[in-house]
Amino acid sequence: MKSERAYVDYTLDKRATLVALFQGKVDACDADPYLLLAAKFHGVKVQRPCPVCKKKSLVELKYTFGDQLGQFSGRIKSHVELAEMETKFGEFRVYVVEVCRECSWNHLCASFLLGDGKERKRPRRQRTLEDDDWVKR
Ligand SMILES: [Zn+2]
């Protein structure tokens, strides 16, 4: 990504969670049904094996957050979408989460900022399919 900056690596944190997990102190294989569904439909397969079950079922999800994203803050975006968003928004943060579809291990891997750095107003709220659903009820 061209505008990538303010990269935060959560490897140490992940390692600490894994140690605690292997010591039986925490249950980190607790991906909820929504996260597992997101992993199934939007997850991008990675080459490294799952650190817990060692299977090749690990995927990454990229969540986007930022004031400038308005109501769409918190959505999962693909690499292609992120590349488009880089030039449309001044600044937003991407959180990379790894999820194992086999054992439900999940952890934050990294986060970074994207965007062209230009100040923009929060977008106006747009009507979405969810709004239509709500009206019908
Ligand atoms: Zn696993």
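Check the entry above for the structure.
Residues numbered from 1 in each chain as written. Predicted model: local features only at pLDDT ≥ 70, side-chain atom pairs only at ≥ 80, totals over all residues.

## Comments concerning the sheet that holds strand E1 (residues 5–9)
Move 1: Reading across from one edge, E1-E5-E4-E3-E2 is the order of the five strands in this open sheet, with antiparallel pairing throughout. Single-partner strands in this sheet number two, and they are E1 and strand E2 (44–45).
Move 2: Sheet analysis places E1 next to strand E5 (residues 106–114), joined by three bridges and oriented antiparallel. Within E5, the residue paired with Val8 across the bridge is Ser111.
Move 3: On top of the sheet, helix H2 (residues 33–42) reaches strand E3 (58–65), strand E4 (92–100) and E5; it is set at about 105° to E3, its chief contact. (Pairing = 2+ DSSP bridges. Helix = DSSP H or I, 4+ residues; strand = E, 2+ residues; numbered from the N terminus. Contact = placed C-beta atoms within 7 Å. Axes fitted to C-alpha atoms, helices over the stretch in contact; angles between N-to-C directions.)

## Details of the environment of Val96
Move 1: Considering the arrangement of structural elements, one finds Val96 in strand E4.
Move 2: What makes Val96 partly exposed here is the crowd of 19 C-beta atoms within 10 Å.
Move 3: Note: C-alpha distance between Val96 and Lys62 (34 residues apart in sequence) is 4.7 Å.
Move 4: With near-sequence residues (within four places) excluded, Val96 lies in contact with Glu60, Lys62, Cys109, Ala110 and Ser111. (Buried ≥ 20, exposed ≤ 12 C-beta atoms within 10 Å, placed from the backbone.)

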